[in-house]
Amino acid sequence: MVTEQHINLSLEELADEVAYLLEYYNLAGAHADSRVSPTPDARTIRYYTTLGVLDRPQVEGRQARYSKRHLLQLLTIKALQSHGLALAEIQTRVIGRSEAELESMLANLTQGKNQKREDSVRPVVWREIVIEPGLKIM
């Protein structure tokens, strides 16, 4: 859905566009954690930038401008949050990715979003076997 190559958005325009696309991808309000906002507002976008989860914007004059890359990063962040990942884990998955990689990741994460959430996310169960003190197999 994100097809324009040369996107140049203000902070407010970026927040509006992300909200629209989250609805399109059926990700708005799909978070298991009630502390996660359904759509990122200007404050949340600044917070993600401060944490390094989201790239810093270009500055034109005195105004921050956001590109397609920022849009893809935010959509991917929200998609990963909908799968229950913490921001620290999301950062390791998003940082340094190309636009093509972000688009691919987003496509994989949103594939089958019309299914029930329980069907699309499967829990992982770990077993711990202690061989000797200090030596475990997971």
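Now for a look at the structure at hand. Since this is a predicted model, take the numbers as computed values, not measurements.

What about the nonpolar core?
Phase 1 of the analysis: In terms of nonpolar packing, the biggest core is built from 28 residues, with Leu14, Val18, Ile45, Leu71, Leu74 and Leu75 touching the most fellow members.
Phase 2 of the analysis: At the level of elements, helix H1 (11–24), helix H2 (42–51), helix H3 (68–82), helix H4 (87–94) and helix H5 (99–110) are the ones that each hand at least two residues to this core.
Phase 3 of the analysis: Ranked by residues supplied to this core, first place goes to H3 with seven residues.

Focus on the packing of aromatic side chains
Phase 1 of the analysis: Inspection of the entire model under this criterion finds two aromatic pairs.
Phase 2 of the analysis: When the centroid spacing of 6.4 Å and the interplanar angle of 45° are considered together, the rings of tyrosine 47 and tyrosine 48 count as tilted.
Phase 3 of the analysis: By relative accessible area, which is 46% here, tyrosine 47 ends up partly exposed.
Phase 4 of the analysis: You can call tyrosine 48 buried: its relative accessible area is 3%.

Here's the deal with the pairing of strand E3 (residues 129–132)
Phase 1 of the analysis: Pairing of E3 with strand E4 (residues 135–137) involves three bridges; the strand directions are antiparallel. Residue pairing across strands places glutamate 132 opposite leucine 135, the latter belonging to E4.
Phase 2 of the analysis: Count of turn residues in the E3/E4 antiparallel hairpin: two residues, of which glycine 134 carries a positive phi of about 90°.

Scoring rules and cut-offs
- Residues numbered from 1 in each chain as written.
- Predicted model: local features only at pLDDT ≥ 70, side-chain atom pairs only at ≥ 80, totals over all residues.
- Heavy atoms only, no water.
- Core = buried A, V, L, I, M, F, W, Y, C linked by side-chain atoms within 4.5 Å.
- Buried < 20%, exposed > 50% of the residue type's maximum accessible area, 1.4 Å probe, protein only.
- Helix = DSSP H or I, 4+ residues; strand = E, 2+ residues; numbered from the N terminus.
- Phe/Tyr/Trp six-rings, centres within 6.5 Å; stacked < 30°, edge-to-face > 60°.
- Pairing = 2+ DSSP bridges.

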